[in-house]
Amino acid sequence: MWLGVITLFPEMFDAVSSNGVFGRAVDNGIISLNRYNPRDFSTDKHRTVDDRPYGGGPGMVMMVEPLLKALEAAKKDAPENALVVLMSPQGEVFSQAKGIDCGQLEGLILICGRYEGIDERFIRGHVDEEWSIGDYVLSGGELAAMVATDAIARHLPGTLGNQMSVIDESHLDGTLDYPHYTRPEKLGLDVVPAELLSGNHKQMSRYRRREALKRTLDRRPDLLTGRVFSQEDRKLLEECFAGCNAAKAVE
Ligand code: SAM
């Protein structure tokens, strides 16, 4: 995937491009990371990219011209149909489903805002979508862009050592992940669940599915609302409810 980021702080992306899963994807050529700094496209000696807001008020606003030139440079390098996205707390909240969908894109250009924001005319004229990573305000779009691109990268073939890792992950099918254990088998009185030690694959996968449903029910019941469950899931959920009721009776 061809990825372009328009940012006043291109060096911030060194953190992800040289570490971990995303770094490996860059090294292996699965992701081509390209950075464009609007300051390189400003025309005055101070390399100005922002100005005071019309109507007054606090803070500065990113000007259209340097941003547009940076976007044009990115578009020149990008695949023809690259999606142009502004990272913004006012955008659609980024999700696992969106991350998976974006794995199909040949090119993606992410614009990282700074200051109070960006001249609205640039957004109206040149941005296809706006993405938020949550209902809070960051100082800039760079961290948000890194979050979104990391989530996208996990679903690109060849990125993960074992692509099966994404199959059971939280939010893939609207449930949370099941709990994980590794050695040692016993930590004082806290032991690895017997099902996982049984060596019986059916038992292990039944246990994991039940724990995923239980955890979702406990922590994020909203994810289960309105869903149609398979017969097997219904049985497992009944077991979870029975477990909850038994625990309440003991209390
Ligand atoms: N004045 C803007 C508002 O209230 O909507 C916030 C501007 S914020 C200080 C500067 C930049 O950070 C934004 O232009 C955007 O690119 C980025 N940003 C902040 N919060 C974000 C979020 N939750 N998701 C994505 N990007 C965010």
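A short tour of the structure in this document, coming up. Note that the structure is predicted; figures quoted are calculated from it, not measured.

Looking now at the overall build of the chain. Along its length, the chain carries nine helices and 10 strands. Its C-alpha radius of gyration of 23 Å places the chain more than 25% over the 18 Å reference for a compact globule of 251 residues. Overall size of the chain, expressed as C-alpha extent along the three principal axes, is 70 × 45 × 35 Å. Partitioning the intrachain contacts of the chain with sequence separation of at least 6 by distance along the chain shows that 72% fall at a separation of at least 24. In the structure as shown, the chain presents an accessible area of about 14,800 Å², 51% of it carried by carbon and sulfur atoms.

Turning to helix H8 (residues 201-219), a few remarks are in order. Compared with an ideal rise of 1.5 Å per residue, which puts 19 residues at 27 Å, H8 spans 27 Å between its outermost C-alpha atoms and is within 8% of the ideal. Buried within H8 we find Met-204, Tyr-207, Arg-210, Glu-211, Ala-212, Leu-213, Thr-216 and Leu-217. Measuring from the side-chain oxygen of the N-cap residue of H8 to the backbone nitrogen of Lys-202 gives 3.0 Å; that N-cap residue is Asn-200.

Once that is clear, we can look at unusual backbone geometry. Following Arg-183, the chain continues to Pro-184 via a peptide bond in cis, the omega torsion being 10 degrees. Positive phi values are uncommon outside glycine, yet Tyr-115 reaches one of about 60 degrees. Its place among the elements puts Tyr-115 in the loop between strand S6 (107-112) and strand S7 (117-118). Non-glycine residue His-171 carries a positive phi angle of around 75 degrees. Mapped onto the secondary structure, His-171 falls in the loop between helix H6 (142-153) and strand S9 (186-187).

Next up on the list: the layout of surface pockets. The computed volume of the largest pocket comes to approximately 480 Å³. If you go around the largest pocket, you meet 25 residues; those closest to its centre are Met-87, Ser-88, Pro-89, Glu-116 and Gly-117. Here the lining of the largest pocket takes five residues from strand S5 (residues 83-93), the largest share from any one element. Its residues assigned to classes, the lining of the largest pocket comprises 12 nonpolar, nine polar and four charged. For the second largest pocket, the calculated volume is near 220 Å³. When the residues that make up the lining of the second largest pocket are grouped by side-chain class, the tally is six nonpolar, no polar and four charged.

Time to look at the site of the ligand. As a matter of local geometry, the ligand sits amid 18 residues, with Met-87, Gln-90, Glu-116, Tyr-136 and Leu-138 nearest to it. One of the backbone nitrogen or oxygen atoms of Ile-133 is found 3.1 Å away from a nitrogen atom of the ligand. Relative to its free-state accessible area of 590 Å², the ligand is covered by the protein chains to the extent of 84%. The cavity that encloses the ligand is the largest pocket. When residues of the shell around the ligand are traced back to their parent elements, those giving at least two are S5 and strand S8 (129-132). Top contributing element to the shell around the ligand by residue count: S5, with four residues.

Basis of the calculations
- Counting of residues starts from 1 at the beginning of each chain's written sequence and follows it residue by residue.
- In view of the model being predicted, local features appear only for residues whose pLDDT reaches at least 70, and side-chain atom pairs are presented and counted only at 80 or more, with totals across whole chains, interfaces and linings using the full set of residues.
- The side-chain values count all of the structure's non-hydrogen atoms but skip hydrogen atoms and water molecules.
- Secondary structure elements are taken from DSSP: a helix is a run of H or I of four residues or more, a strand is a run of E of two residues or more, and numbering for both begins at the N terminus.
- Atoms counted for the radius of gyration: C-alpha only. Globule rule: 2.2 Å times the number of residues to the power 0.38.
- Any two residues whose heavy atoms approach within 4.5 Å are treated as being in contact.
- Surface accessibility follows the Shrake-Rupley procedure with a 1.4 Å probe radius. Residue values consider only the protein chains on display as shielding.
- Take the number of residues in a helix, subtract one, and multiply by 1.5 Å to get its expected span.
- Buried, partly exposed and exposed residues are distinguished by accessible area as a fraction of the type maximum, computed with a 1.4 Å probe on protein chains only: under 20%, between the cut-offs, and over 50%, respectively.
- Think of a polar contact as two N or O atoms within 3.5 Å of one another; within protein, one of them needs to be a possible hydrogen donor and the other a possible acceptor, and neighboring residues in sequence only count if both atoms come from side chains.
- Using a grid of 1 Å spacing that covers the protein atoms alone, one calls a set of points a cavity when a 1.4 Å probe fits there but cannot get out, and a pocket when the set is open and has protein on both sides within 12 Å along at least five of seven lines; lining residues are those with an atom within 4 Å of a point.
- Grid points are joined across faces, edges and corners, and a volume is the space filled by probe spheres set on the points.
- Think of it as three bins: nonpolar holds Ala, Val, Leu, Ile, Met, Phe, Trp, Tyr, Cys and Pro, charged holds Asp, Glu, Lys and Arg, and polar takes everything else, Gly as well.
- To be near a molecule or strand, a residue needs just one of its heavy atoms within 4 Å of it.
- Being in a pocket or cavity means that more than half of the molecule's atoms lie within 2 Å of its grid points.

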